[in-house]
Amino acid sequence: MNRLASLLIALPLLLTGCAGVAPQPAAPPLFADAAFKPPSEPVGARDLFALSPAMRDYLHSPAFQAHLRNKGLERGLIDALYSKTDLKLEYESSHTRTAAETYAARTGNCLSLVIMTAAFARELGMTVHFRSVLADETWSRDGGIYLVSTHVNIVLGHHKAHGILYDETSGRELVVDFLPPPDASRLHSRELEEDDIVALYLNNRAAESLVQGHVDDAYWWARAAVATHPPGAVAYNTLGVIYERHGDLAMAERAFRTALDREPESIVVMHNLGPLLAQTGRPAEAAEMARRVTSVEPVPPFHYFDKGMAALKAGDYEAARTLFEREIRRAPYYDEFHFWLAVTLLRLGEAKEAREQLALAIDTSTRSDNRQLYSAKLAHLKRQSANSVQAY
């Protein structure tokens, strides 16, 4: 069984929050501070929504003010931040940033964009609500670590007596959704507290540090996520993955079991705990955990893709195509599946279909480096096609 880690990066959230309650650290036995080196950077979320001087300058600039006058508070704000004429922000899923960092970099993943939007909205006196959209989870993997994401968005509104002098031409509330899932308007959602967003930010930073191989930093970010109140199963699971990578199997099991206590039906946690039980000499418990996983999820994520890669490596291109297409039917918005189907189609001599799959890979990718790679390969294919026509 593959070892899967719930390390949430692109707009995921499986947490609940409770406003107005002071943060409480987890029970000491779940932490092993002495086993890890100090973090290489400050860890925490104190300035998560803080505006930088540059952000304040932009907020009071003539261009920004013109957007508000022309379209009202909510729509004017979104137009100022995300139109292609001013900031020219780009979507990039690999790193979670604070509001100020996102503005400075002009790039961010979905959570970063939500955080930055909330920071500007609050400065303008708007109401801000975070929501978790109850869509299917999305799996990906990076550096041998499996990542699972769910989706959040933000709802902006305003108070009539906010003191801003612009025309309020927008509606009472505006839902802002970055990379919405299919049929997002039909999906149910639940409101989140700011503590949930903070916990998600901390957990994402832990996941990203782990993907980069910075296990010590990952521990401190995950520890901070667990110390939020109330801590969610996701934070405990991430802490367990870090302990396992660090070789602390007893601590890993303790964290996984704590996560499972809070979310007894979590497939992600069971995916992680089962192999750990087998590794520590408890095959019967591991088999029971595997049975529970299979009863809910008969075919694990990446199952057909991995078989397709094996077929591609063996030169069985027809089998590889069938398997890649089958995985795409389960996850049509994952760029890597489209890319490798394109490679397979090229091996089969189907250049037109390969170009179509490369175009889909570009459209569905959430990472700028991958988009550049796919774009270069697509341009190369188009040049080859043009040369073939000329030669003919």
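Here, every reference points to the structure presented above.
Described in the following lines is the structure provided in the data block. (Residues numbered from 1 in each chain as written. Predicted model: local features only at pLDDT ≥ 70, side-chain atom pairs only at ≥ 80, totals over all residues. Heavy atoms only, no water.)

Let's talk about the packing of helix α14 (residues 335–347) against helix α15 (residues 351–364)
And step 1. Following both chains from N to C, one finds α14 and α15 inclined at 165°, their axes separated by 8 Å at the closest point. Compared by their axis directions, α14 and α15 come out roughly antiparallel. Of the two elements, α14 crosses α15, and the hand of that crossing is left-handed. Contacts from D335, H338, F339, L341, A342, L345 and L346 in α14 reach A351, E353, A354, Q357, L358, L360, A361 and T364 in α15. (Axes fitted to C-alpha atoms, helices over the stretch in contact; angles between N-to-C directions. Helix = DSSP H or I, 4+ residues; strand = E, 2+ residues; numbered from the N terminus. Parallel < 35°, antiparallel > 145°, perpendicular 65-115°, else oblique. Left-handed = near helix turned anticlockwise from the far one by under 90°. Contact = heavy atoms within 4.5 Å.)

Observations concerning the packing of aromatic side chains
When we look at a pair of aromatic rings, we describe it by the centre distance and by the angle of the planes.
And step 1. Taken as a whole and assessed by the stated rule, the structure comprises 19 aromatic pairs.
And step 2. On the numbers, 4.0 Å between centres and 5° between planes, the contact of F36 with Y219 is stacked. Here F36 is found in the segment before α1 (53–59), whereas its partner Y219 is found in helix α7 (residues 215–226), with 183 residues between them in sequence. This pair shows no difference in class: F36 is buried, exactly as Y219 is.
And step 3. Each ring, one from F302 and one from Y334, has its centre 5.6 Å from the other, and the planes form 85°; the classification is edge-to-face. In this pair, F302 is assigned in the loop between α11 (283–296) and α12 (303–314) and Y334 in the loop between α13 (317–330) and α14, connecting sequence segments 32 residues apart.
And step 4. Among the residues examined, F302 registers a relative accessible area of 2% and is labelled buried.
And step 5. Through a chain of ring-to-ring contacts, the aromatic side chains of F302, F305, F324, Y334 and F337 assemble into a single cluster.
And step 6. Above the ring of Y103, the side-chain terminus of R106 is found at 4.3 Å from the ring centroid. (Phe/Tyr/Trp six-rings, centres within 6.5 Å; stacked < 30°, edge-to-face > 60°. Buried < 20%, exposed > 50% of the residue type's maximum accessible area, 1.4 Å probe, protein only. Lys NZ or Arg CZ within 6 Å of the ring centre and 35° of its normal.)

A look at the environment of R347
And step 1. In this structure, R347 sits in helix α14.
And step 2. Along the chain, R347 and Y317 lie 30 residues apart, while their C-alpha atoms are 7.1 Å from each other.
And step 3. Those residues within four positions of R347 in sequence are excluded, and the remaining contacts are L312 and Y317.

As for the nonpolar core
And step 1. Counting residues in hydrophobic clusters, the biggest one holds 82 residues, and the most contacted among them are F64, L77, F120, F130, L156 and I242.
And step 2. When residues in this core are grouped by element, the largest group, ten residues, is from helix α5 (residues 110–123). (Core = buried A, V, L, I, M, F, W, Y, C linked by side-chain atoms within 4.5 Å.)

Looking at unusual backbone geometry
And step 1. A positive phi angle, near 60°, is found at R106, a position not held by glycine.
And step 2. Along the chain, the position of R106 falls in the loop between α4 (99–105) and β2 (107–108).
And step 3. Here R106 falls in the partly exposed class, since its relative accessible area comes to 29%.
And step 4. Its identity as a non-glycine residue notwithstanding, F302 has a phi of 70°, on the positive side.

Looking at α13
And step 1. Here α13 spans 20 Å end to end across 14 residues, near enough to the 20 Å set by a 1.5 Å rise per residue.
And step 2. Along its buried surface, α13 packs onto α12, α14 and α15. (Expected span 1.5 Å × (residues − 1).)

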